[in-house]
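Chain by chain, the residues run as shown.
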Amino acid sequence: MSVAKPFSEAQRMLRICAICNYCNGFCPVFEVNVHHPPTAATLAHLAHLCHGCRNCFYACQYAPPHVFAVNLPRALAELRHQVYLDRVWPPAGRWLLDYPFAALLLALTSGWLLVLLAILVGTAFDLGAPMQTGFYRVLPWGLMSLIGALPLAWSGLALAIQWGRHWRSIRPPQARGLMRAWWRTLPAILSLSHLSGGGVGCNDRDAGFSQARRRLHQALFAGLAFCLAATLTAALYHHALGLSAPYPVLSLPVFFGTAGGVLVCAATLGFSWLGLTGDPEPRAPRASHLDLAFAALLLIVAASGLALLLGRASAWMPGLLAIHLSSVWALFALLPYSKFLHAGYRALALLQESLTEHETRGD
């Protein structure tokens, strides 16, 4: 597909929507579309303001097989993907977004080789000598931390550049009160209120309404928060209390890690089920591939973490640890080139709406 086609198709359909006005109550996309010309910047903003509820597709009288072929969810999903490609940093990362399963395989393989190399280096130089217990018999704490910290630092820089580029293209000209706008926007971000469709739920799989995607997003968010809590409490145990992993079953790191792993597994399996069994018509194939690849990566990370928890006292522990660390490395390295991107883009779209709304009111 040419670069111009996602923009021109979305522009064509939104012009029809601005005349029809039937879907204006479904979401803010149609309200913005009525009052602003569909320029490239407006289209890029609308693409991320759309949360893909698909209410408009099943309500539209001009949807296929009508000759107008209005399929706005697919057009905006294509446009979102194109915006990812346009903003990606460094530009060489574009192919990772276009071929997400190849990127996943490459990241897992390179992570596996890196972890093996770290284990060999740690063993050769006896870097774990002061704490030869548990996981650190396999890989010293310092090297284990570097495997997570280095790709995370790189991804933080890449995400900041990509989201910063997007914000500069959509921010209102006289944006004021940015911090207050963030506070106003935060409830909508955390509650995922835009994933309620027009109020009755999304059309997650077909013309029937459901709250499945919203609940799965919330489960995934809670699962990731628990995993972060597990990492932080483990660091506290290690540095403040002098306790080395693995920790007892009745400990905070194990409790948080188990809860997080189970929630992430359940959420990613749910997303995959929706993606594989839902109506393909309102979906953009390359965006769907990005969704499924990221769900698969999160599932591998969570499942390998749970497997490590169960097998930590067995002879399988070194292999399970290497698999889990490899998947964590792959996850952190691919954050700027995966579906994780959409979280920041959608938050910025909601922030822009909040600023514009208050400017219009003269607050």
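Residues numbered from 1 in each chain as written. Predicted model: local features only at pLDDT ≥ 70, side-chain atom pairs only at ≥ 80, totals over all residues. Heavy atoms only, no water.

If you look the protein up in an unreviewed UniProt entry, it shows as Tricarballylate utilization 4Fe-4S protein TcuB from Caldichromatium japonicum.

**Points about the UniProt feature "transmembrane region" (unreviewed entry) in the protein**
How we decide: UniProt positions are given in the numbering used here, feature names are shortened, and annotations may be inferred rather than shown by experiment. Secondary structure follows DSSP: runs of H or I at least 4 residues long count as helices, runs of E at least 2 residues long count as strands, and numbering of each begins at the N terminus.
According to UniProt, the positions carrying the feature "transmembrane region" (unreviewed entry) are residues 101–121, 141–161, 219–240, 252–276, 288–310 and 316–337. Helix makes up 100% of residues 288–310 and strand 0%. Its end C-alpha atoms lie 33 Å apart.

**Considerations on the packing of helix H7 (residues 100–124) against helix H12 (residues 285–311)**
Cut-off, in case you're wondering: For helices, the fitted line uses only the C-alpha atoms of the stretch in contact; every axis is such a line through C-alpha atoms, and the angle between N-to-C directions lies from 0 to 180 degrees. These descriptions rest on fixed angle ranges, namely under 35 degrees for roughly parallel, over 145 for roughly antiparallel, 65 to 115 for roughly perpendicular, and the rest for oblique. We call two residues contacting when some pair of their heavy atoms lies within 4.5 Å. The nonpolar class holds Ala, Val, Leu, Ile, Met, Phe, Trp, Tyr, Cys and Pro. Asp, Glu, Lys and Arg form the charged class, and all remaining residues, Gly among them, are polar.
The contact between H7 and H12 brings their axes to 8 Å, and the two run at 25°. The angle between H7 and H12 falls in the class roughly parallel. Here Pro100, Phe101, Leu104 and Leu108 of H7 lie close against H12, whose contacting residues are His289, Leu290, Leu292, Ala293, Ala296, Leu297 and Ile300. Partitioning the contact of H7 with H12 into residue classes produces 10 nonpolar, one polar and no charged.

**Concerning the packing of aromatic side chains**
In plain terms, the rule: By convention, a stacked pair of Phe, Tyr or Trp rings (six-membered ring in the case of Trp) has centres within 6.5 Å and planes under 30 degrees apart, an edge-to-face pair has planes over 60 apart, and any other such pair is tilted. Categorising residues by exposure relies on relative accessible area from a 1.4 Å probe, with only protein chains included: less than 20% of the type maximum marks a residue as buried, more than 50% marks it as exposed, and the intermediate range marks it as partly exposed.
Evaluated as defined, the whole model comprises nine aromatic pairs. Ring centres of Tyr62 and Phe68 lie 5.2 Å apart, and the angle between their planes is 40°; this geometry places the pair in the tilted category. For Phe68, a relative accessible area of 35% translates into the label partly exposed. Residues Tyr84 and Tyr345 carry aromatic rings whose centres are separated by 5.3 Å and whose planes lie at 50° to one another, so their mutual orientation is tilted. Taken together, the residues Tyr84 in helix H5 (residues 72–87) and Tyr345 in helix H14 (residues 341–361) connect sequence positions 261 residues apart. For the residue pair Tyr84 and Tyr345, the accessibility class agrees, reading buried in each case. Site record: aromatic cluster; members linked through ring pairs are Phe226, Phe255 and Phe256.

**A look at the side chain of His48**
On the secondary structure map, His48 appears in helix H3 (residues 40–49). On the basis of relative accessibility, which here comes to 0%, the residue His48 falls in the buried class. The residues touching His48, leaving out its near neighbours within four places in the chain, are Arg80, Val83, Tyr84, His166, Tyr345, Arg346 and Ala349.

**Let's talk about unusual backbone geometry**
Following Pro64, the chain continues into Pro65 via a peptide bond in cis, with omega recorded as 20°. Checked against the element boundaries, Pro65 lands in the loop between helix H4 (55–59) and H5. Between Trp89 and the following residue, Pro90, the backbone shows a cis peptide bond with an omega angle of -10°. If you check the backbone angles, Asn21 has positive phi at about 65° while not being a glycine. Summarising the element assignment, Asn21 is placed in the loop between helix H1 (4–20) and helix H2 (28–35). At Arg54, a residue that is not glycine, the phi angle is positive and equals roughly 70°.

**Topic: the side chain of Asp204**
The test is simple: Residues counted as positive are Lys and Arg, residues counted as negative are Asp and Glu, and His and the chain ends are not counted. When a carboxyl oxygen of Asp or Glu lies within 4 Å of a side-chain nitrogen of Lys or Arg, that pair is called a salt bridge.
Here Asp204 is to be found in the loop between helix H9 (178–191) and helix H10 (212–239). Arg213 is the oppositely charged side chain nearest to the buried, salt-bridge-free Asp204, at an N-O distance of 4.3 Å. If we skip the residues at most four places from it in the chain, Asp204 touches Arg54, Ser210, Gln211, Ala212, Arg213, Leu274 and Arg283.

**Describing a nonpolar patch on the surface**
Here is the rule: The patches described consist of residues with a relative accessible area above 30% and no salt bridge, like charges being joined within 9 Å and nonpolar side chains (Val, Leu, Ile, Met, Phe, Trp, Tyr) within 5 Å. Each accessible area is a Shrake-Rupley estimate made with a 1.4 Å probe; only the visible protein chains count as cover when residues are assessed.
Together, Met179, Trp183, Leu186, Leu190 and Phe221 line one region of the surface with nonpolar side chains, adding up to about 600 Å² of accessible area. Among the elements that line the nonpolar patch, the one with the most residues is H9, at four residues. When you line up the elements, Leu190 lands in helix H9.

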